[in-house]
Amino acid sequence: MKAKEFSADVQNDWCAGCGDHGILHALEKAFAELGLAKNQIAIFGGIGCSGKTPYYLDTNGIHTLHGRVLPFASGAKLANPELTVIAVGGDGDGLGIGAGHFANAGRRNLDITYLLYNNGVYGLTKGQASPTLRQGEQTKAMPQPTMQNDLNPLMLALTAGFSWISRGYAYDIHQLSSLIKNAIKHKGSSFLEILQPCPVYNNLHDKQWYEDNGITDYPRIYSLEDEGYDAVIPVDANKSLRDKKFTESVMKSLEWGERIPTGLFYQDLSAVELTQQINLQKPSYCSLPPAKQPLVDKNNKNSLDIQKLFSDLKI
Amino acid sequence: MGQNKQSVLWRIGGAQGHGIDSASLLFSRVCAKMGFHILGLRDYHSNIMGRHSFSDVRIANWQTLGHVAESNMLVCLDAESLSRHIECISTEGVIIIDADEENIELDTLKFLDVEIKSHLHEELVKHNYPFSVTGLLALIKNKKTSVISVPFSQIRDSLQTQFSVSRSTALRSKNITLVAISAALLNIPKNNLLSEVSFLFKNKEQVIALNRAAIELGYDYVNTLNINSDLKLPELTESKTDYLWLNGCKSIALGKLAAGMGIQPYYPISPATDESLYLETKENNSIVIQTEDELAAITMACGAALTGARVATSTSGPGFSLMAEGLGWAGMNEVPVVVTLYQRGGPSTGLPTRTEQGDLQFSIHAGHGEFPRIVITSGDVTECFYDAFRAFNYAERYQLPVIHIIDKNLASTSQTIKPFNTHDLTIERGQFYEVGNKKHLPRFKFTDNGISPRPRLGEKDKLFWSSGAEHSEIGQVNENPQNRKMMVEKRANKLQLALSEIPLDEKLTVYGNMQASLTIISWGSNKGVIVDALERFKTEGKDVRAIMLKLLWPFPVDELNKLIHKDEKLVVVECNHDGQFNSLLKEQIGRGADHLLLKYTGRAFMLEDIMHYVSDIISGQAEKIISVE
């Protein structure tokens, strides 16, 4: 299938030049290259411009609530582990109102992919500071510079327990689609932060800012892969290796300024994925997940063995 | 009650962590096995160890449903229990207490409420009795109440020597020793207890041996007594077999499993947690997921429901408050999701382990905007099962959230009940798209009855969009006024459909004589005391009828209007301050209660409350609004 075939025939209402367009194309490209069946893909969107992504893809698309995209997505994956489940949302959605879900989705290590469109502002409510805007910064619609500190999405993802963590850039569709593919392929909770310029409200971090650091001829953003950074914790890693990799990722996540790293920061292949954990406790789970349980037989009669439920209650 | 309807109320009290549950479990099982009907009440504090808790076991020769305040046999593991329950002992009752507790000054009881302390102080000073357990016992010396003062320290010492265990280990058998003494006094064969102990403490050999010895010593002690108590177990008039013994929480859990629930995300909260924990112990195909909060519990349930799985979550008032936005999403997206709401005392943290019916209006209105939901309630442990089962059928047939509202009282009320009739249970899954066309299906298709078929997420050749924003039939954002109007009506009209299809016995139940001039209207767990009171009124020659509502939203207006006569007196009974059900009644049928009987102490109505106040109403001596202490 071609990338274009994943594009829905729906009028897109994102602004011209918005980084979201690049992300949408990268998603379509990734789906095509992975050869995914449309019906197997379920995209959940939060609230905000990013949250509209599901409407524009010719897959299953669910527009959820502000901040709650991760539990919605997790519920679908837990009920039907065969689905390729992708959650998308903005920095305000995931790190402000939804921060509790962000942390807990990470530690759960369920096999879903989370794309966080990070543009530093609340676009749809017209330009307020998001949790990633740095203290003292004032984008053009803000009456005053922000007084609050920012938080570091990558480091939060690391400490939360996401087992695959990376950063992409909305205008580098080639790298971004490859990151999305790897995020989907990773068996565990995948977090992909996407630097996504908002051309209307974030005048401080626009395309030019990311692509020109003002000092050298090189763009501000660079690829970790190009520099030979190895982020992978192998399946059989011992504690000291795990700690070393973790610490390196923390240090990388702190890099922000003249140079901004993109690519894979961290991948823990030794972490056991949640559906596998469930299957250890409930061996019927993978073969008969909630969505696949036949509750009635062909004659529409209850096919459950109910009587055994009462055995411990008999006097 | 009728002439041959007899019951004994056995109550055991002590500090949390001192084995109240084990003791009442043992006593209940022994009595149930002898053929008695058992009704249990569990009362506890929001605390892990040390605060007072008690457990009631009503032993009866018929299936009683109502809790009573007056105990016939009071087992006190400590002085605080006696202080709290001494005024509720029946005239010819029996008090069993550790002799060592008798010297305790009431001033030293750090957890005894100041209100109770000052009340007892007043009483004791009036009689010139000391402010101590001895003083309390003196208060009842003129009654026919027997006091069994158990020299437990001697029993403890012999257990310590016999088993070479520490003093504190031997002390842990106090609960079972006192159970044995009460059983011996009621002429229950010793072997009945001995065999149950092995069941109770499965595989813990030393604990079993120690408690068996404690039972022997308890019976030996009773043999040394010369007691003249008239207290007897009821006469068995019917033989019952295969009965189940369970509480409201377990009954709901089982109803959910019988309905084929596949997943229950939940966040721990009293008194709802017990249900989820019980579900986890069951060997079946459903999974229980503990989430980070109730926002996640309801939204995870919604996500799961999109796959076609049957889903539920379970919570109490504070958690339900958080679920409001998820409920709205389910309403907007026509997602079948079942929420079990165990009410507790509110608002805010309120009374976490106490009962109230304070969330009725909230359950009907929770969430912004207008969307349909069904709210149902259960009156007893048996109903909990069938209603939990039906909730999924309603949710899937009408594609909306169903709130099953009960309360802490029912959650922790245990009962011996007839085995469930599972033969007639029919799973109704509602409408699905059978075939796809590889394109996005009109998930929200306008149909004659408002129900659109739904696809399951992931099915071959089927795609769909869902949206919390107002949407077109295909699930894309649509703010056109005409579309908006049709969508609002489509969703709202489903309630009319539900009202026309749900059978009468799932809407309400009627007890007593249809021609009675006084009708009690109530909902939820008040059923037990009301139904028991009706029988008692009948023996007193008073004609009273009761209507228990089961379907609270949409409200069964027509059915209720047909039942209520113009010139009869209506009494509404509910466990809250505002009379929320009465307001609903006024709003829906244009007529409210002539008398409103309310209780908002955090405790459930007792049979005595209903008898007393309804008798006052009958004799014309009652106020319009009655607040029960």
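Thresholds applied
- Residues numbered from 1 in each chain as written.
- Chains lettered and ligands numbered in written order.
- Predicted model: local features only at pLDDT ≥ 70, side-chain atom pairs only at ≥ 80, totals over all residues.
- Helix = DSSP H or I, 4+ residues; strand = E, 2+ residues; numbered from the N terminus.
- Rg over C-alpha atoms; globule rule 2.2 N^0.38 Å.
- Contact = placed C-beta atoms within 7 Å.
- Nonpolar A, V, L, I, M, F, W, Y, C, P; charged D, E, K, R; others polar.
- Pairing = 2+ DSSP bridges.
- Buried ≥ 20, exposed ≤ 12 C-beta atoms within 10 Å, placed from the backbone.
- Domains from an automatic or database assignment.
- Axes fitted to C-alpha atoms, helices over the stretch in contact; angles between N-to-C directions.
- Core = buried A, V, L, I, M, F, W, Y, C linked by C-beta atoms within 7 Å.
- Parallel < 35°, antiparallel > 145°, perpendicular 65-115°, else oblique.
- Left-handed = near helix turned anticlockwise from the far one by under 90°.
- Right-handed = clockwise from strand over helix to strand, strands pointing away.

Attention now goes to the overall build of chain B. The helix and strand tally for chain B stands at 21 helices and 22 strands. Whereas a compact globule of 629 residues would reach a radius of gyration of roughly 25 Å, chain B reaches 27 Å, a difference of no more than 12%. Considering only intrachain contacts with a sequence separation of at least 6, the fraction spanning at least 24 residues in chain B is 76%.

Here we take up the interface of chain A and chain B. Listed per partner, the contact involves 48 residues of chain A and 60 residues of chain B. Its residues assigned to classes, the side of chain A that touches chain B comprises 26 nonpolar, 17 polar and 5 charged. Sheet topology places strand S2 (residues 60-63) of chain A next to strand S15 (residues 465-467) of chain B; 3 bridges connect them, and they run parallel. Paired with Ile62 of chain A across the bridge in S15 of chain B is Ser466 of chain B.

All names here are of chain B. Counting buried positions along strand S2 (residues 37-43) gives 7 out of 7 residues, so the element sits mostly inside the fold. With 7 bridges joining them, S2 and strand S3 (residues 52-60) adopt antiparallel strand pairing. Bridging from a neighbouring strand, Arg42 pairs with Ser55 of S3. When S2 meets strand S14 (residues 414-417), the two strands line up antiparallel, connected through 2 bridges. Among the inter-strand pairings, Gly40 is bridged to a residue of S14, identified as Ser414.

What follows is about the domain arrangement of chain A. Quoted interface sizes are often the accessible area lost when the parts come together. All names here are of chain A. Per the domain assignment, the segments making up chain A are domain 1 (3-277) and domain 2 (285-313). Placing the centre of domain 1 and that of domain 2 at their C-alpha centroids yields a distance of 39 Å. Counting residues at the interface gives 4 residues for domain 1 and 4 residues for domain 2. Residue composition of the side of domain 1 that touches domain 2, grouped by class: 2 nonpolar, 2 polar and no charged.

Right, let's get into the sheet that holds strand S6 (residues 146-150) of chain B. Residue and element names in this part refer to chain B. Taking strand neighbours across the sheet as the criterion, the 8 strands line up as S6-S5-S4-S1-S3-S2-S14-S7 in an open arrangement whose pairing is mixed. Edge positions in the sheet fall to S6 and strand S7 (244-247), since each has one partner strand and no second. Averaged over all pairs of adjacent strands, the angle between their axes in this sheet comes to 15°, without regard to strand direction. Here 5 bridges tie strand S5 (residues 89-98) to S6, and the two strands are oriented parallel to one another. Along S6, the bridge assignment pairs Ile96 with Ile148.

Strands in a sheet are paired, the pairing made by backbone hydrogen bonds, and the direction either parallel or antiparallel. Residues and elements named next belong to chain B. Read across the open sheet, the 6 strands follow the order S16-S18-S17-S20-S21-S22; overall the sheet is mixed. The open sheet has two edge strands, strand S16 (508-512) and strand S22 (625-628), and neither has a second partner. Neighbour-to-neighbour, the strand axes of the sheet open up by a mean angle of 20°, direction not taken into account. Where strand S17 (residues 518-523) and strand S18 (residues 544-549) come together, 6 bridges link them in parallel fashion. Bridge pairing in S18 places Leu518 opposite Val544. Contacting S16, S17, S18 and strand S20 (569-574), helix H18 (residues 527-539) runs over the sheet at an angle of about 165° to S18.

Okay, unusual backbone geometry next. Most peptide bonds adopt trans geometry, and most residues besides glycine take a negative phi value. Omega for the peptide link from Ser270 of chain B to Pro271 of chain B comes to -5°, which places this bond in the cis form. With respect to the helices, strands and loops of the structure, Pro271 of chain B is situated in the loop between strand S8 (263-266) and helix H11 (273-281). For Lys126 of chain A, which is not glycine, the phi torsion reads 75° and is therefore positive. With respect to the helices and strands, Lys126 of chain A occurs in the loop between strand S5 (121-122) and strand S6 (128-129).

Core analysis: the biggest nonpolar cluster contains 243 residues, and Ala76 of chain A together with Ile96, Ala301, Ala304 and Val337 of chain B have the highest contact counts within it. For this core, the element with the highest residue contribution is helix H15 (residues 381-398) of chain B, accounting for 10 residues. In this structure, Ile96 of chain B is in contact with Val75, Cys76, Ile148, Val150, Leu178, Ile181 and Ser182 of chain B, ignoring residues within four places of it in sequence. Residues Val121, Ala129, Leu133 and Tyr201 of chain A belong to the second largest nonpolar core, which totals 7 residues.

In this section: the packing of helix H7 (residues 174-185) of chain B against helix H9 (residues 205-223) of chain B. All names here are of chain B. Viewed as axis vectors pointing N to C, H7 and H9 meet at an angle of 40°, and their least axial separation amounts to 8 Å. By the angle class used here, H7 and H9 are oblique. Helix-helix and strand crossings are classified by hand; for H7 and H9 the assignment is right-handed. Taking contact as the criterion, the partners of Ile176, Thr177, Ala180, Ile181, Ala184 and Leu185 in H7 are, on H9, Asn211, Ala214, Ile215, Leu217, Gly218, Tyr219, Tyr221 and Val222. A per-class count over the contact of H7 with H9 returns 11 nonpolar, 3 polar and no charged.

Our next topic: the pairing of strand S7 (residues 164-169) of chain A. Residues and elements named next belong to chain A. The buried fraction of S7 is high, at 6 of 6 residues. Residues Trp164, Ser166 and Gly168 of S7 are buried on one face, and the alternating residues Ile165, Arg167 and Tyr169, pointing to the opposite face, are buried as well. As judged from the 6 bridges shared by S7 and strand S8 (residues 190-195), these two strands associate in the parallel manner. Residue pairing for S8: Ser166 is matched across the bridge by Leu192. Crossover connection from S7 via helix H6 (residues 173-185) to parallel S8: handedness right-handed. Here S7 pairs with strand S11 (residues 260-268) via 4 bridges, running antiparallel. Bridging from a neighbouring strand, Trp164 pairs with Gln267 of S11.

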